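Next come the chains, spelled out residue by residue.
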Amino acid sequence: MNTREVEATLTAADPVDRDRLDQLDLEAMEVELLADLNGEQSDSPFEVEASRHRVEASRRRRPRHLALVLAGGAAVAIAAVIVVLAGGPSKHASRAYGAELVRFAESTPLLLLEGPGWRVEDVYEAPDGPYRPRGSAGEGSMEFVTGKPIPDENIRSTQVGKPEHVKGSTGPVYMKFREQGMLPPSMRQRKVELRWSRRSLASELRYAHEAPHVHGQHWVRLPVLETTADVDTRAETFVSQGGRGNRQMTAYWAEDGYLLELRAAVPDLAAFEERLRWLTKVDSQAWLGAMPPQVVKAADQAATVREMLRGIPLPDSFSPSRVPTAGLTTNRDQVGGAVISTVSCLWFRQWDEARRGGNRTRAGEAEKAMSTYERWPLYRELHRGRRYPAETIPKLVAGMPSGRYEWRPGKWRRILPQVEALGCAREGIPVLPWKQRRQSER
Amino acid sequence: MAQGQIEKGALGRELAQVQFGRLYREQGRAVLAYALRRVDDREDAADVVAETFLVAWRRLAEVPVGAAAQLWLYAVARRVIANLHRSKRRRTRLGGRLAESLRTELATHPVPNGEAAEALRAMAELSEEDRELLLLVAWEGLSPGEAAKVLDISSLAARSRLHRARRRLRAQMEGDKPVTVRSSELDTEEAR
């Protein structure tokens with residue numbers, strides 16, 4: 001008997017009869033479970049701490065009912081499933097959502113890409129509040145993917161050849177570039193980005209026509225939903241994209257008061273047309289039903305921030321309210337970026353003020369705290385996912401003792417403007433003295 | 001501010017319920033199969049499913065997206081089963097309900113005989129680590145890389161361990177006779 005035969009024998013010894021398992025009515029079991037659990041206390045995954053204490057206390061008191069008590073948390077969830085199932089064969093969940101959730105959904109254009117195997121991967125809503133970027137009200141985007149999640153691209157563009165004189169430029173400019181780090185077309189073409197804003201379609205189209213096109217311009221008009229979109233079929237930003245079977249296209253149209261843009265890397269125009277055809281207007285129930293798990297991760301920002309702060313040394317000027325709330329933030333990376341930037345901005349501000357005031361102790365405290373960044377779970381998470389600002393932090397920390405960083409071999413710059421690029425001023429914690437003055441004048 | 005936080009909390013809970021429901025529908029059967037293959041009593045399998053999904057509910061934010069969710073759930077179920085074996089705790093009402101359904105719907109398990117029974121007997125002689133790795137590949141149909149994620153080991157270690165585990169299983173099935181592995185066979189194993 002060879003190894004392959006051994007494995008085949010083992011596979012044949014599987015005690016579970018797949019057919020019978022498939023026939024098992026799990027939904028009916030859910031109903032039974034619900035009936036059994038009706039009235040039990042339900043826990044949210046965002047109340048883990050409290051829930052854990054309750055469960056542990058209960059475990060000590062009543063070991064015989066462990067699973068029942070634990071199961072309380074599932075009761076509401078299972079109820080949700082049952083209501084969904086009771087809605088009939090509808091493609092989308094038809095349960096009734098709360099008003100707040102519906103409001104959140106209805107602040108978007110309620111569009112889904114209903115291609116076979118495609119799903120919502122991420123949703124982004126423009127931050128709200130006093131430091132919101134100008135003109136970004138009502139702005140947001142969704143990312144749809146098929147297959148495995150697609151990592152972020154980290155593209156490096158290098159000038160090659162000699163600068164040339166081109167029409168409209170005031171001097172010679174580089175026209176040739178070499179790009180590194182671009183994902184292969186097979187991965188890029190598994191993603192579609194839908195953006196929306198309240199800007200005007202006419203001005204957006206004017207801007208798009210004037211923007212540089214590395215492979216020339218070619219526009220067509222294609223149907224989308226109930227209207228027609230202007231499609232930039234040569235929307236490639238990078239020189240190395242644009243070859244056969246490797247195109248970038250963007251469609252622009254206006255609907256329901258929104259300016260909509262659908263961007264996708266596609267093999268050809270037919271594939272782009274197909275993606276436009278997949279776009280479907282849905283109701284808020286269906287839209288919410290399509291939300292991915294990572295949206296849940298950040299939906300409760302207060303709990304998420306608390307969790308993210310674990311293991312990070314905090315300056316005495318820190319309070320959770322310092323982290324910008326950014327409305328209904330639905331992107332965990334966005335919350336993570338805000339948390340790590342807020343903490344870093346505060347430490348750098350303490351560091352700079354202490355240095356200028358000759359307080360070595362406080363400056364040293366900030367340097368020591370920031371030097372532990374590699375041990376922060378949040379930094380590790382962002383670093384693993386290659387998310388901003390993980391790759392910036394080490395450079396900033398390395399520049400702390402001298403106050404400068406080497407931006408090119410032998411060329412040094414002040415570190416504080418670089419720190420400011422974390423968005424410190426936008427988050428209400430300017431580190432540059434002149435920005436602090438401007439903030440106090442407001 | 002507090003009101004806003006409450007609203008966001010409510011939003012989180014609502015979304016979490018929908019996500020959890022979807023996870024249960026997509027992976028419930030796979031977790032049940034995993035449990036049924038590893039516990040003696042179907043009633044215990046019911047408990048394992050219930051507890052695994054309760055862990056998932058409480059740690060929903062950590063559950064990965066897509067196919068990786070199944071591996072995550074398998075890893076949780078594995079720990080739940082380990083605790084079950086250690087504590088030998090009493091079955092709960094919740095598990096009882098599910099178990100009752102299992103009893104009626106899965107009235108009989110196929111009883112292995114011949115080579116299959118021999119394979120199971122030989123499996124019992126292997127270490128828990130070897131056994132779990134073999135089962136994840138043979139019964140759950142995972143690749144060595146996916147099994148590595150469930151067991152929280154490197155993909156390279158999983159391939160190497162899998163090769164050794166298969167040799168040990170083969171040795172057990174052939175009555176502890178020394179097994180010689182041909183180089184061509186080794187190549188095939190490594191290439192998988």
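Parameters at a glance
- Residues numbered from 1 in each chain as written.
- Chains lettered and ligands numbered in written order.
- Predicted model: local features only at pLDDT ≥ 70, side-chain atom pairs only at ≥ 80, totals over all residues.
- Heavy atoms only, no water.
- Helix = DSSP H or I, 4+ residues; strand = E, 2+ residues; numbered from the N terminus.
- Buried < 20%, exposed > 50% of the residue type's maximum accessible area, 1.4 Å probe, protein only.
- Areas by Shrake-Rupley, 256 points an atom, 1.4 Å probe, with all protein chains shown as cover.
- Salt bridge = Lys/Arg side-chain N within 4 Å of Asp/Glu carboxyl O.
- Disulfide = S-S within 2.5 Å.
- pLDDT = per-residue confidence, 0-100.
- Contact = heavy atoms within 4.5 Å.
- Phe/Tyr/Trp six-rings, centres within 6.5 Å; stacked < 30°, edge-to-face > 60°.
- Lys NZ or Arg CZ within 6 Å of the ring centre and 35° of its normal.
- Pairing = 2+ DSSP bridges.
- Core = buried A, V, L, I, M, F, W, Y, C linked by side-chain atoms within 4.5 Å.
- Axes fitted to C-alpha atoms, helices over the stretch in contact; angles between N-to-C directions.

K.L.:
Where do I start with the overall build of chain B in this structure?
P.N.:
Scanning chain B for helices and strands turns up 9 helices and 0 strands. Ordered by position in the sequence, the α and β elements of chain B form the string α-α-α-α-α-α-α-α-α. Split into buried and exposed, the 192 residues of chain B put 51% on the buried side. Of the accessible surface of chain B, which amounts to about 8,800 Å², a share of 49% is contributed by carbon and sulfur atoms.

K.L.:
Looking at this model, I keep getting lost on the pattern of salt bridges. Mind explaining?
P.N.:
Two side chains of opposite charge can pair, provided their charged atoms sit close to one another. Considering all chains together, one arrives at 19 salt bridges over all chains under this definition. Of the charged contacts in the structure, one is a salt bridge between R234(A) and E236(A), with a shortest N-O distance of 3.3 Å. The same class applies to R234(A) as to E236(A), namely buried. Salt-bridge contacts for R78(B) lead to E128(B); the nearest nitrogen and oxygen are separated by 3.3 Å. One end of the pair, R78(B), is in helix 3 (residues 68–87); the other, E128(B), is in helix 6 (residues 128–138), and 50 residues separate them in sequence. Taking the relative accessible area as the measure of exposure, R78(B) reaches 24% and is therefore partly exposed. With a relative accessible area of 37%, E128(B) lands in the partly exposed category.

K.L.:
Would you take a moment to explain the state of the cysteines for this structure?
P.N.:
By definition, a disulfide is the covalent link that joins the sulfur atoms of two cysteine residues. Residues and elements named next belong to chain A. Under the counting rule described, the total for this entry stands at 1 disulfide over all chains. Disulfide pairing places C345 opposite C424 at an S-S distance of 2.0 Å. Disulfide C345-C424: the torsion about the S-S bond is -80°, which places it as left-handed. Taken as a pair, C345 in helix 13 (residues 332–357) and C424 in the loop between helix 17 (415–420) and helix 18 (433–441) lie far apart in primary sequence, 79 residues in all. Residues C345 and C424 agree in their burial class; the two are buried.

K.L.:
Where do I start with the confidence of the model for chain A in this structure?
P.N.:
Detailed reading of the predicted coordinates is not advisable wherever pLDDT falls low. All names here are of chain A. Across chain A, pLDDT averages 76, with 75% of residues at or above 70. The spread of mean pLDDT over the elements of chain A runs between helix 5 (residues 66–86), the lowest at 28, and strand 10 (residues 258–266), the highest at 96. A low-confidence stretch, residues 34–96 stays under pLDDT 50, and its non-local contacts, those more than four residues away or across chains, total 102 contacts.

K.L.:
Teacher, can you tell me more about the packing of aromatic side chains here?
P.N.:
In this description, a pair of aromatic rings is defined by centroid distance and the angle of the planes. Summed over the entire model, instances satisfying the criterion amount to 6 aromatic pairs over all chains. With a centroid separation of 5.0 Å and 65° between ring planes, the pair formed by Y24(B) and F53(B) is classed as edge-to-face. Of this pair, Y24(B) sits in helix 1 (residues 2–36) while F53(B) sits in helix 2 (residues 42–58), placing them 29 residues apart in sequence. We classify F53(B) as buried; its relative accessible area is 2%. Over the face of the ring belonging to Y258(A) we find R198(A), whose NZ or CZ atom lies 3.9 Å from the ring centre. A cation sits over an aromatic face here: R38(B) above Y34(B), 3.8 Å from the ring centre.

K.L.:
Please explain the pairing of strand 3 (residues 140–146) of chain A as it appears in this structure.
P.N.:
Residues in a regular strand project their side chains so that they alternate between the two faces of the sheet. All names here are of chain A. Buried residues dominate strand 3, accounting for 6 of its 7 residues. With 6 bridges connecting them, strand 3 and strand 6 (residues 191–197) associate as antiparallel partners. In the strand pairing of strand 6, G140 is matched with W196.

K.L.:
What is the right way to read the environment of I312(A) from this model?
P.N.:
Tracing the backbone through its elements, the reader meets I312(A) in the loop between helix 12 (301–308) and helix 13. Ignoring sequence-local partners within four residues, the contact set of I312(A) consists of V343(A), W376(A) and L378(A).

K.L.:
Any chance you could explain the nonpolar core here in plain terms?
P.N.:
Looking at soluble globular proteins, one finds that nonpolar side chains tend to be buried together. Counting 58 residues, the largest nonpolar core has L10(A), L23(B), V48(B), F53(B), L134(B) and L169(B) as its most contacted members. Those elements giving two or more residues to this core turn out to be helix 1 (3–12) of chain A together with helix 1, helix 2, helix 3, helix 5 (114–124), helix 6, helix 7 (144–151) and helix 8 (155–173) of chain B. If one sorts the elements of this core by residue count, helix 3 of chain B sits on top with 11 residues. Those residues in contact with L169(B) that sit more than four places away from it in its chain are V6(A), L10(A), A119(B), A122(B), M123(B), L126(B) and L134(B).

K.L.:
What exactly am I supposed to notice about unusual backbone geometry here?
P.N.:
Most peptide bonds are trans, and most residues other than glycine sit at a negative phi. Residues and elements named next belong to chain A. Residue Y388 is joined to P389 through a cis peptide bond whose omega torsion reads 0°. Position of P389 among the secondary structure elements: in the loop between helix 15 (377–384) and helix 16 (393–398). For L110, which is not a glycine, the phi torsion comes out positive at approximately 55°. For L110, the location among the structural elements is in the loop between helix 6 (99–106) and strand 1 (111–113). Backbone geometry at D256 places phi at a positive 50°, although glycine is not the residue there.

K.L.:
What am I meant to see in helix 6 of chain B here?
P.N.:
Helical periodicity: at 3.6 residues per turn, an α-helix aligns residues three or four positions apart in one direction. Among the 11 residues that make up helix 6 of chain B, 8 are buried, leaving the element largely enclosed by the rest of the structure. Taken together, the buried positions of helix 6 of chain B are occupied by D130(B), E132(B), L133(B), L134(B), L135(B), L136(B), V137(B) and A138(B).

K.L.:
How should the sheet that holds strand 6 of chain A be read in this particular structure?
P.N.:
In sheet architecture, strand pairing relies on hydrogen bonds along the backbone and comes in two forms, parallel and antiparallel. Residue and element names in this part refer to chain A. Strand order in the open sheet formed by 7 strands is 2-3-6-10-9-8-7, with antiparallel pairing between adjacent strands. Since the sheet does not close on itself, it has two edges, and those belong to strand 2 (118–125) and strand 7 (219–224), each with one partner. Strand-to-strand twist across the sheet, computed as the mean angle between neighbouring axes with direction ignored, equals 20°.

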